[in-house]
Amino acid sequence: MRQIFCCDISTILPQQEVTMKAFSVFDDLPSSCIEMLESKGVEVTLLPHGEERPQGDALQQLFHNYDILFISTAQKMPEHMFEGIVTRKFIATASSGTDHIHVPESKKHLVHIANATHANRSTVAEHTFALALSLRKHLLEGRQTAFEGLQKKAMSAKPVDLFGSTLGVVGAGGIATAVLNLGKAFGMHRLCWTFHPEHHDNLVKDGVEMMSLDNLLKLADIVSVNIPLSESTRELLDANRISMLKDNAVLISTSRPEVIDNATLLRRASLCPTFCVGLDYDAKSVVGQWNTDMLNVIVTPHIAGGTIESRRRLFEECTRNVIEKIT
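One structure accompanies this document, and this report is about it. (Residues numbered from 1 in each chain as written. Predicted model: local features only at pLDDT ≥ 70, side-chain atom pairs only at ≥ 80, totals over all residues. Heavy atoms only, no water.)

So, the overall build of the protein
Heads up, the rule is: A run of H or I in DSSP becomes a helix once it reaches four residues, and a run of E becomes a strand once it reaches two; helices and strands are each numbered from the N terminus. Per-residue accessibility, obtained with a 1.4 Å probe over protein chains only, is compared with the maximum for each type, and a residue is labelled buried under 20%, exposed over 50%, and partly exposed between these values. Any pair of residues with heavy atoms lying within 4.5 Å of one another is described as a contacting pair. For every accessible area listed, the method is Shrake-Rupley and the probe measures 1.4 Å; residues are considered covered only by the protein chains on display.
Secondary structure assignment for the protein yields 10 helices and 13 strands. Sorting the 327 residues of the protein into buried and exposed places 50% on the buried side. Expressed as a percentage of contacts within the protein between residues at least 6 apart in sequence, the contacts between residues at least 24 apart total 59%. Accessible area for the protein stands at about 16,100 Å²; split by element, carbon and sulfur atoms hold 52% of it.

Some details on the nonpolar core
This is how it is decided: As used here, the term nonpolar core means buried Ala, Val, Leu, Ile, Met, Phe, Trp, Tyr and Cys residues forming a set that is joined through side-chain atoms within 4.5 Å.
Grouped together as the largest cluster of nonpolar side chains are 42 residues, with contacts concentrated most on I68, F70, M77, F82 and V322. Listing elements by their share of this core, those giving two or more residues are β2 (20-24), α1 (31-39), β3 (42-46), α2 (56-65), β4 (68-71), β5 (89-93), β6 (111-114) and α10 (308-326). Considering each element in turn, this core owes the most residues, 6 residues, to α10. Setting aside its immediate chain neighbours within four residues, V322 contacts L37, I68, F70, F90, A92 and A114.

Quick look at unusual backbone geometry
Even without glycine at this site, H138 takes up a positive phi of about 55°. Within the secondary structure, H138 is located in the loop between α3 (121-136) and α4 (139-147). At E235, a position not held by glycine, the phi torsion is positive, near 50°. Tracing the backbone through its elements, the reader meets E235 in the loop between β10 (222-225) and α8 (239-242).

A word on the packing of α1 against α10
Keep this limit in mind: An axis is simply a line fitted to the C-alpha atoms; with a helix, the fit covers only the stretch in contact. Between two such axes, the angle follows the N-to-C directions and lies from 0 to 180 degrees. Orientation is classified from the angle alone, with under 35 degrees giving roughly parallel, over 145 giving roughly antiparallel, 65 to 115 giving roughly perpendicular, and any other angle giving oblique. All residues other than Ala, Val, Leu, Ile, Met, Phe, Trp, Tyr, Cys, Pro, Asp, Glu, Lys and Arg, Gly among them, are scored as polar; the first ten of these are nonpolar and the last four charged.
Across the interface, α1 lies against α10 with an axial gap of 9 Å and an inter-helix angle of 10°. Accordingly, the angle class assigned to the pair α1 and α10 is roughly parallel. For the pair α1 and α10, contact is made by S32, C33, M36 and L37 and by R312, F315, E316, T319, R320, V322 and I323, respectively. Of the residues assigned to the contact of α1 with α10, the class counts are 6 nonpolar, 2 polar and 3 charged.

Considering the packing of aromatic side chains
To be explicit about the condition: Only Phe, Tyr and Trp rings are paired, with Trp represented by its six-membered ring, and only when their centres lie within 6.5 Å; those with planes under 30 degrees apart are stacked, over 60 edge-to-face, the remainder tilted.
Applying the stated criterion across every chain yields a total of 5 aromatic pairs. Ring centres of F23 and Y66 lie 5.4 Å apart, and the angle between their planes is 50°; on these two criteria the pair is classed as tilted. With F23 in strand β2 and Y66 in the loop between α2 and β4, this pair connects stretches of sequence that are 43 residues apart. Among the residues examined, Y66 registers a relative accessible area of 14% and is labelled buried. Taking the centre distance of 5.2 Å and the plane angle of 75° together, the rings of F63 and F82 count as edge-to-face.

A short note on the sheet that holds strand β7 (residues 166-170)
The strands making up a sheet are joined through hydrogen bonds of the backbone, oriented either antiparallel or parallel. Let me state the cut-off plainly: A pair of strands is considered paired only if DSSP assigns at least 2 bridges between the two.
Taken in spatial order, the 7 strands make up an open sheet running β9-β8-β7-β10-β11-β12-β13, and their pairing is parallel. What marks the edges here is a single partner per strand, and that holds for β9 (209-210) and β13 (297-300). Sheet analysis places strand β12 (residues 276-280) next to β13, joined by 4 bridges and oriented parallel. Considered in β13, the bridge of L279 is made with V299. Its contacts with the sheet put helix α5 (residues 174-185) on β7, β8 (189-193) and β10, and the angle it makes with β7 is roughly 175°.

Focus: the pattern of salt bridges
So the rule is basically this: The term salt bridge refers to a pairing of a side-chain nitrogen on Lys or Arg with a carboxyl oxygen on Asp or Glu at a separation within 4 Å.
Scanning all chains against the criterion turns up 11 salt bridges. The shortest N-O distance in the salt bridge between K137 and D161 comes to 3.4 Å. Of the two residues, K137 sits in the loop between α3 and α4 while D161 sits in the loop between α4 and β7, which places them 24 residues apart along the sequence. Residue K137 is classed as partly exposed on the basis of its relative accessible area of 26%.

Some words on α3
Definition in use: To estimate how far a helix should extend, the number of its residues minus one is multiplied by 1.5 Å.
For α3, with 16 residues, the first-to-last C-alpha span of 22 Å sits near the 22 Å given by 1.5 Å per residue. Buried within α3 we find T123, V124, A125, H127, T128, F129, L131, A132, L135 and R136. A positive phi of about 55° marks H138, the residue just after α3.

Quick notes on helix α9 (residues 262-271)
Listed in full, the buried residues belonging to α9 are N262, T264, L265, L266, R268 and A269. The inward-facing, buried residues of α9 contact α8, β11 (250-253), β12 and β13.

Regarding the environment of P104
Here P104 is to be found in the loop between β5 and β6. Here the alpha-carbon distance between P104 and E83, two residues 21 residues apart in the chain, equals 9.0 Å. In this structure, P104 is in contact with E79 and F82, ignoring residues within four places of it in sequence.

Details of the packing of α3 against α5
Short version of the rule: Crossings are assigned a handedness: left-handed for a near helix turned anticlockwise from the far helix by less than a right angle, right-handed for a clockwise turn.
Where α3 meets α5, the closest approach of the two axes is 8 Å, and the angle between their N-to-C directions is 50°. Relative to α5, the element α3 is oriented oblique. Here the hand of the crossing between α3 and α5 comes out right-handed. Between α3, through R121, S122, V124, A125, E126, T128 and F129, and α5, the contact on the second element is made entirely by G174, I175, A178, V179, L182 and G183. Residue composition of the contact of α3 with α5, by class: 7 nonpolar, 4 polar and 2 charged.

None of this, on its own, says anything about what the molecule does.
Written out as structure tokens, the structure is:
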């Protein structure tokens, strides 16, 4: 395993002789992050290049052996992983969401989570519109039509503008706001639903119309789901709400799969070719529920927030946040 050592820990642990130790499940943690940790006296171990990222018991063992653990959303940490923890631990997750980490109440005074809530906002918003444009402009069908040497009249429908259409965003956090801002740039009428609209006067002042979730689903031409997973949002878009969407609507989700009844959503897309779906999920969550002949469906394997640029920003933001917690 690659290790980076720094012996001067006086700035953060003046009364301790033992250096804090960090383990990264990423074999490509940027040198800028390593240098930030090194400057605070943290000894860093990286996953050996090309080795499979640890899960389950292997991940739990690393968590017990190191003070700081760098993980992704793929590393699930259920409550039992925290059994036996008696010293302070820091989990740095290169993600905005933290629902993959389940710290028991009895351990919350010892375990601190550092995530990255700003780094990929614009990146996910871009991916949302990439999906919306691909579906609204019928790019998959257009590509297939051209490949077969056919003319545009052979296509089942004509492309549709984003300009002048209605965008409905489920959520009002950082990513949702970035989606709404892009909607403004495209000249769209913008709707928004959130649990606490009173906290988002900035959106209202910018011309966003706040309304009930049901009304948003009925009115929007394009619905973008950008809301964290919680007990209150699990299957927020259930079968009943999916039925409220227009037959020619486009539903985009970059949220966790559990926020939507995906089986019902994709079944509707299979029965109604004008109803379009764009999902950015762990592919396993919807495997077998769609196929590549459904040109009104695009599923990407949870890549919306993972560009080269945003990946570096995610690492650096969660590193800065964990340093703030250990100092």
